[in-house]
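Examination of the molecular architecture
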Amino acid sequence: MKTLRCNILSVILTVVFLSGSLFAEGEAEGVSPEIALQRLMLGNKRFVKSKVIHPNQNAKRRGDLTKGQHPFAIVVTCSDSRVSPEILFDLGLGDIFVIRVAGNVVDDNALGSIEYAAEHLGSKLVVVLGHSKCGAVSATVQGGEIPGHIKSITDAIKPAVDKAKSQSGDVIENSIKNNAKLVAEKIRTSKPILEELIKENKLMVAPAEYDISTGTVTLLK
Ligand SMILES: [Zn+2]
């Protein structure tokens with residue numbers, strides 16, 4: 001009996017080793033919002049410690065994904081070149097549905113993209129990921145004349161900055177946190193699809209901040 005148990009254990013460990021990780025498949029099927037969040041945070045931990053495994057980045061995965069995609073999470077983040085979600089969460093192809101725009105703000109197109117991933121692809125979690133030293137937030141804090149279409153981004157970030165002005169501490173850092181939280185709230189209260197999915201516990205929205213220096217993702221309360 002003991003030998004049999006040992007054999008089963010060694011088979012399981014071999015499978016885990018060969019597949020790269022317990023979560024190598026990265027499918028949304030049967031994944032709760034909490035497990036989805038855990039996957040992201042575990043991947044970030046590997047990235048911070050330089051213990052990355054680069055899951056789901058081979059020809060087999062590419063081939064499997066021709067049948068369809070089921071990303072387990074949606075990440076809304078900034079276009080900043082230092083904030084690449086697949087890299088900082090140590091993930092691969094088909095794992096996350098990513099929406100990137102400077103300042104990680106959301107408009108109707110972004111909300112439509114989130115709705116598509118949550119409703120049709122089965123994603124269970126939305127992480128709104130702001131980051132330290134965000135140029136879009138800094139520009140909004142600075143104010144003044146803002147040229148062209150950049151103004152539509154700073155206008156969207158402005159409520160977060162206005163709130164930060166009455167808070168103690170660093171205005172830019174507080175604005176970054178406020179912005180991620182306000183965007184998360186906008187997603188949570190988006191009608192009719194997202195709000196309903198959240199009520200049914202089929203979707204969770206979590207604001208977070210990425211530190212471009214340490215590589216750490218911290219969830220915001
Ligand atoms: Zn940014």
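Summarised in this report is the structure supplied together with it. (Residues numbered from 1 in each chain as written. Predicted model: local features only at pLDDT ≥ 70, side-chain atom pairs only at ≥ 80, totals over all residues. Heavy atoms only, no water.)

**Considering the sheet that holds strand 5 (residues 217-219)**
Read across the sheet, five strands follow the order 2-1-3-4-5 without closing on themselves; strand pairing throughout is mixed. Sheet topology places strand 2 (96-100) and strand 5 at the edges, where each strand pairs with a single neighbour. Strand-to-strand twist of the sheet, defined as the mean angle between neighbouring strand axes without regard to direction, takes the value 25°. Here strand 1 (residues 73-77) runs beside strand 3 (residues 125-131); their pairing, made up of five bridges, is parallel. Paired with T77 across the bridge in strand 3 is L129. (Pairing = 2+ DSSP bridges. Helix = DSSP H or I, 4+ residues; strand = E, 2+ residues; numbered from the N terminus. Axes fitted to C-alpha atoms, helices over the stretch in contact; angles between N-to-C directions.)

**Concerning the packing of helix 7 (residues 150-164) against helix 8 (residues 171-188)**
Relative to each other, helix 7 and helix 8 sit at 130°, their axes nearing to 8 Å. It follows from the interaxial angle that helix 7 and helix 8 lie oblique. In the packing of helix 7 onto helix 8, the handedness of the crossing is right-handed. Counted together, I157, P159, A160, V161, K163 and A164 of helix 7 and V171, N174, S175, N178, N179 and L182 of helix 8 form the full contact between these two elements. Here the residues of the contact of helix 7 with helix 8 sort into seven nonpolar, four polar and one charged. (Parallel < 35°, antiparallel > 145°, perpendicular 65-115°, else oblique. Left-handed = near helix turned anticlockwise from the far one by under 90°. Contact = heavy atoms within 4.5 Å. Nonpolar A, V, L, I, M, F, W, Y, C, P; charged D, E, K, R; others polar.)

**Some words on the side chain of D80**
With respect to the element layout, D80 can be found in the loop between strand 1 and helix 4 (85-88). For D80, the side chain forms a polar contact with the side chain of R82, separated by 2.8 Å. Not counting residues within four places of it along the chain, the set of residues in contact with D80 comprises R100 and H131. (Polar contact = N/O pair within 3.5 Å; in protein donor to acceptor, adjacent residues only side chain to side chain.)

**Side note on the coordination of the zinc ion**
Reference values for coordination geometry: four tetrahedral donors around a metal ideally subtend 109.5 degrees, six octahedral donors ideally subtend 90 or 180 degrees. Taken together, C78 (SG), H131 (NE2) and C134 (SG) make up the protein donors of the zinc ion, found 2.1 to 2.3 Å from the metal. For the zinc ion, the donor residues sit on a single chain with the sequence spacing C-x52-H-x2-C. Separated by 56 residues along the polypeptide, C78 in the loop between strand 1 and helix 4 and C134 in the loop between strand 3 and helix 6 (135-142) bring together distant segments of the chain. Take C134: its relative accessible area is 1%, and that puts it in the buried class. (Donors = N, O, S within 2.8 Å, 3.2 Å for Na, K, Ca; no water. Buried < 20%, exposed > 50% of the residue type's maximum accessible area, 1.4 Å probe, protein only.)

**As for the pairing of strand 4 (residues 204-210)**
With six of seven residues buried, strand 4 lies mostly within the body of the structure. Pairing between strand 3 and strand 4: seven bridges, direction parallel. Residue pairing across strands places H131 opposite Y210, the latter belonging to strand 4. Counted between consecutive antiparallel strands, the loop separating strand 4 from strand 5 contains six residues, among which G215 sits at a positive phi close to 85°.

These figures come from the coordinates and say nothing about function on their own.
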